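Take a look at the letters that make up each chain.
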Amino acid sequence: MSSTPPSFLHLAVALDATGWHPASWREPVARPRDLFTAEYWADLVTEAERGLLDFVTIEDGLGPQSSHWLDPDERTDQVRGRLDAVLIASRVAPLTRHIGVVPTVVATHTEPFHISKAIATLDYVSAGRAGLRVQITARPNEAAHFGRRTVPRIEAYDSPAAQGVVTDLFDEAADHVEAVRRLWDSWEDDAEIRDAATGRFIDRDKLHYIDFEGRHFSVKGPSITPRPPQGQPIVSALAHDAIPYRLVARAADIGYVTPYDADEARAVVARIRAEQSAAGRAAETLHVFGDLVVFLDDDPAAATARRERLEALAGEPYTSDALIFTGTPHQLADLLQELQSAGLTGFRLRPAVAGHDLPAITRGLVPELQRRGVFRRAYEADTLRGLLGLPRPANRYAAANA
Amino acid sequence: MSKPLKQIHLAAHFPGVNNTTVWSDPQAGSHVEFSSFVHFARTAERAKFDFLFLAEGLRLREQGGKIYDLDVVGRPDTFTVLAALAAVTEHLGLTGTINSTFNEPYEVARQFASLDHLSGGRSAWNVVTSWDAFTGENFRRGGFLPQEERYSRAREFLATANELFDSWHGDEILADQETGAFLRDAKAGAFVHTGQHFDIHGRFNVPRSPQGRPVIFQAGDSEEGREFAASEADAIFSRHATLEAGRAFYTDVKKRLAKYGRRDDQLLILPAATFTLADTDAEAEELAKQVRRLQVSGATALKHLEFVWNRDLSAYDPDGPLPDIDPDVSDHHISKGRAQVRMYRDPLATAREWRELAAANNWSIRDLVIETGNRQNFIGSAETIARTINDFVQADASDGFILVPHITPGGLDEFADKVVPLLQEQGVFRTEYEGPTLRHQLGLAHPDDVSGEQRAAS
Ligand SMILES: Cc1cc2nc3c(=O)[nH]c(=O)nc-3n(C[C@H](O)[C@H](O)[C@H](O)COP(=O)(O)O)c2cc1C
């Protein structure tokens, strides 16, 4: 297995319905009626694999999409409704061979035990290409879908009370990831022995209780699913602020960040690297990917016109937490290289219109990056960890025993 | 005119964490690798089986305080495997066992509705109610549920999930690119449920799936379990696969349907069944005997006896006589995490009965466990097995069987090649799938048509 040269950048796409622009579904290429079919998702992921991308992420949520950051809306002019992201990932995994599949999982209301075995199983189904993108939800309406607890309503995002709520949810997410990771290690790789002489199928000394105890839950273990092919599938998280930066630094393999320029990128990377050292992980590979929304056309005027057309359809200017890029593959390649030199190791591109901007990435941007010698010309590894330059990790429990 | 022949339903239970699975056979493959599931599912589909079935256990079994290591241990996540299998099959139903105690309705409903979309209408849910605190230690809720509440939670769980499935009707998505209307109705998916176990409201976020709701299975055997099935389920996964027990169970459950306003054909009875197939009946008997000895080693036999005796019996000789001491009938149970221990509701009586059986037949502990627990349901040549299965179904011992082969993943291959064609020749098993969804194969109406029917009837 050859590894990626350090000058290479990593590239992922974030899949969300017909694309990230709220009016994307109205574009002729959008296929909005196919959104709830397996074929739609298979086509997108196959296209991403054609472009030799590292992985796709799939958005998810425990309630309908909303234009409001905290509350549901009653709009009928945007896509509403989605399929479970883990199941989409699993449905497309057997149809692909190299690309990583990274569904979103919401930590706030779900069971670490279920999530751990689901992602482990995705890793089996994809032969070592699974990961997860962990997310929290502070939406009171989503808490009401579960009815187990109320999430205090955040009035202003910057208030101390809001910070308290968010800190608490991220602490819980960190616990969730910790429990999930321990469960992945709860079987040693060679626990299944099939020893005919003694009649034992497993060596139970190689199975481990994880005995996780946190403020919100405790989990005994071991998992019911043996250690997945990658040992530890990839854990990733989107981070805009100090609290999530800490989660990324402590628990993730990839953080997605949203700087608007190279200086901001440098500052964000520095903060995450500092947290990473503080967490005692300085020696480990931790990727910091920039998130960008892209409107991509061979002619810059065409990209601008497309963005304007969509804004006119939506009736409002498009805003995003991430930098919005509008232009040509050549210009985007310039920007990505500039951000890379500021310390980002890869990018998660959010196609504004999946049916248009995804093929523009795979057939326009990727060849451009290849010409510049900064992107792979063939898949160099069989697993997602391999593509990301991460070794298969030792099992924490085996190490403790040795 | 004689009664028309019933059509047989056949399903394939993936052999995994079960004491019938022979993992020591040289042909036995992985119980976790996806390739095993693909092999098994493709065989089932080639044979035109109705569906593939996955069981579930949410904590590794323990006995005497230690993880039980004599059977297969380890299984993948049910939903995730079924979604992946949807990619490599076209018609085969995908039935997952999912617990109603250690899950929440909103999440499970999303998963089944998603699976139904991603498989083009082939999902089914076996609702089980295992509640023990031992399993609960893996979950946020812990072991909070008293045994007597397991069905009250299961009923409300299923009712709530149905409210979520029904919160979309199927005509909400316009996706009209010209007018810009994506949804017809701003409140699509709205629901409110207030009950003893769940108090939830909001909007469900998965639009109506091809089958409307997944097909519902039930596998509990108690009085409450049978009532739950009669009122709510489309099919029962039972353990009564012999002619006599099967007929008794069939009659018992079907007669409960009328009081819920349901017809006999709205609930299928599908027992789990094992089989041993060979060229001749005599060879099959011989092979079956060998398989049983592989399934039940001396060590396994002692462990099995411990389910009833509820004591450490490791000092006994499996090739010797049964213990003289009586079972421990205290509340503490030596075995944890299995449904089997509840099969023996009166351990003292079972112990007495087994001692008499062993004495009368001169059986050792191992012989007894093999003869009482592991005798295959169908043993014989393809002709014999096809005839027996058909006879059982026509005699209303069941509506078909969920077959549990003893080898992973190839244990169904010979059955598919040899037995299925005979059933097809007799005109009692399909040669082509009836339609795209699992409801088509099972002869079950779409829920929208059922409610229409009930509206018309009332
Ligand atoms: C044939 C059969 C198969 C079952 N399979 C499972 C299973 O895979 N997972 C599980 O948790 N419970 C399983 N059960 C347990 C039941 O579904 C049920 O929830 C439990 O036995 C308690 O209900 P009861 O007292 O009505 O039997 C099974 C039961 C039967 C009869």
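Each chain carries its own residue numbering, running from 1 in the written order of its sequence. Chains and ligands are labelled by the order in which they are written, letters from A for the one and numbers from 1 for the other. Since the coordinates come from a predicted model, pLDDT governs what is reported: local features require at least 70, and pairs of side-chain atoms require 80 or more to be given and counted, while whole-chain, interface and lining totals use all residues. As a rule here, side-chain values come from all non-hydrogen atoms in the structure, and water together with hydrogens is ignored.

An unreviewed UniProt entry lists chain B under the name LLM class flavin-dependent oxidoreductase, with Streptomyces cyaneochromogenes given as the organism. The record in UniProt for chain B states the following under Sequence similarities (unreviewed entry): "Belongs to the NtaA/SnaA/DszA monooxygenase family." UniProt positions are given in the numbering used here, feature names are shortened, and annotations may be inferred rather than shown by experiment.

Chain A appears in an unreviewed UniProt entry as LLM class flavin-dependent oxidoreductase from Streptomyces cyaneochromogenes. Here chain A is described in UniProt, under the heading Sequence similarities (unreviewed entry), as follows: "Belongs to the NtaA/SnaA/DszA monooxygenase family."

S.K.: Pulling in residues and values, what's your account of the interface of chain A and chain B?
M.R.: Between chain A and chain B, the residue contacts involve 80 residues of the former and 73 residues of the latter. Across the interface of chain A and chain B, roughly 6400 Å² is buried in total on both sides, 59% from carbon and sulfur atoms. Whenever Lys or Arg places a side-chain nitrogen within 4 Å of a carboxyl oxygen from Asp or Glu, that contact is recorded as a salt bridge. Inspection of the chain A/chain B interface yields seven salt bridges. K187(B) is the partner of E74(A) in a salt bridge, and the nearest nitrogen-oxygen pair spans 2.6 Å. In this description, contact between two residues means that some pair of their heavy atoms is separated by no more than 4.5 Å. A simple way to read buried area is as the amount of 1.4 Å-probe accessible surface that goes missing from two parts once joined, with both sides added.

S.K.: How would you explain helix 10 (residues 347-361) of chain B if you had to name every residue and give the values?
M.R.: Residue and element names in this part refer to chain B. Helix and strand labels come from DSSP, where a helix needs a run of H or I of at least four residues and a strand needs a run of E of at least two; each type is numbered from the N terminus. Expected helix span is given by 1.5 Å per residue-to-residue step, counting one fewer step than there are residues. Taking 1.5 Å of rise per residue, the 15 residues of helix 10 would be expected to cover 21 Å, and the 21 Å separating its terminal C-alpha atoms lies within 8% of that figure. Whether a residue is buried, partly exposed or exposed follows from its accessible area with a 1.4 Å probe, protein chains only, as a fraction of its type maximum: under 20%, in between, or over 50%, in that order. Of the residues making up helix 10, those classed as buried are P347, T350, A351, W354 and A358. The arc enclosing the buried residues of helix 10, seen along the axis, measures out at 100 degrees, which places them on a common side. Facing away from the buried side of helix 10 by over 90 degrees, the exposed positions are E356, A359 and A360. Here the buried face of helix 10 lies against helix 9 (298-309) and helix 11 (365-373). Taken from the residues just after helix 10, N362 is the one with a positive phi, measuring 60 degrees. What the arc covers is the set of directions going from the helix axis to the C-beta atoms.

S.K.: Please give an account of the side chain of R181(A) that cites residues and values.
M.R.: Residue and element names in this part refer to chain A. Among the structural elements, R181 can be located in helix 5 (residues 160-184). Judged by relative accessible area, which is 11%, R181 ranks as buried. Any pair of N or O atoms that falls within 3.5 Å is considered a polar contact. Within protein, one atom must be able to donate a hydrogen and the other to accept it, and sequence-neighbouring residues count only if both atoms are side-chain atoms. Of the polar contacts made by the side chain of R181, one reaches the side chain of Q232; its length is 2.8 Å. Setting aside anything within four residues of it in sequence, one finds R181 in contact with Q232, P233, V235, A251, A252, D253 and R396.

S.K.: Explain the UniProt feature "domain: Luciferase-like" (unreviewed entry) in chain A to me, using residue names and the numbers behind them.
M.R.: The feature "domain: Luciferase-like" (unreviewed entry), as annotated in UniProt, sits at residues 36-310 of chain A in this numbering. Span residues 36-310 of chain A is 38% helix and 17% strand, its end C-alpha atoms 23 Å apart.

S.K.: Break down the sheet that holds strand 17 (residues 400-403) of chain B for me, citing the residues and quoting the values.
M.R.: Residues and elements named next belong to chain B. A pair of strands is labelled paired if DSSP reports no fewer than 2 bridges between them. In space, the eight strands of this closed barrel follow the order 1-2-5-6-11-12-13-17, with parallel pairing throughout. Neighbouring strand axes in the sheet, compared pairwise and without regard to direction, differ in orientation by 30 degrees on average. As defined by bridge partners, strand 12 (residues 235-238) adjoins strand 13 (residues 268-273) across four bridges and the pair is classed as parallel. Along strand 13, the bridge assignment pairs I236 with I269. Note on geometry: axes are C-alpha line fits, over the in-contact stretch for helices, and angles between N-to-C directions span 0 to 180 degrees.

S.K.: Give a detailed account of the packing of helix 12 (residues 382-394) of chain B against helix 13 (residues 413-425) of chain B, specifying residues and quantitative values.
M.R.: All names here are of chain B. Interaxial distance between helix 12 and helix 13 falls to 9 Å at its minimum, and their mutual angle equals 55 degrees. When the axis of helix 12 is compared with that of helix 13, the two are oblique. Crossing of helix 12 against helix 13: the hand is right-handed. Mapping the contact onto sequence places A382, E383, I385, A386, I389 and N390 in helix 12 and F415, K418, V419, L422 and L423 in helix 13. When grouped by side-chain class, the residues that make up the contact of helix 12 with helix 13 number eight nonpolar, one polar and two charged. Working definition: roughly parallel below 35 degrees, roughly antiparallel above 145 degrees, roughly perpendicular at 65 to 115 degrees, and oblique for all remaining angles. Each helix crossing is assigned a hand: it is left-handed if the near helix lies turned anticlockwise from the far helix by less than a right angle, otherwise right-handed if that turn is clockwise. Amino acids are sorted into nonpolar (Ala, Val, Leu, Ile, Met, Phe, Trp, Tyr, Cys and Pro), charged (Asp, Glu, Lys and Arg) and polar (every other residue, Gly among them).

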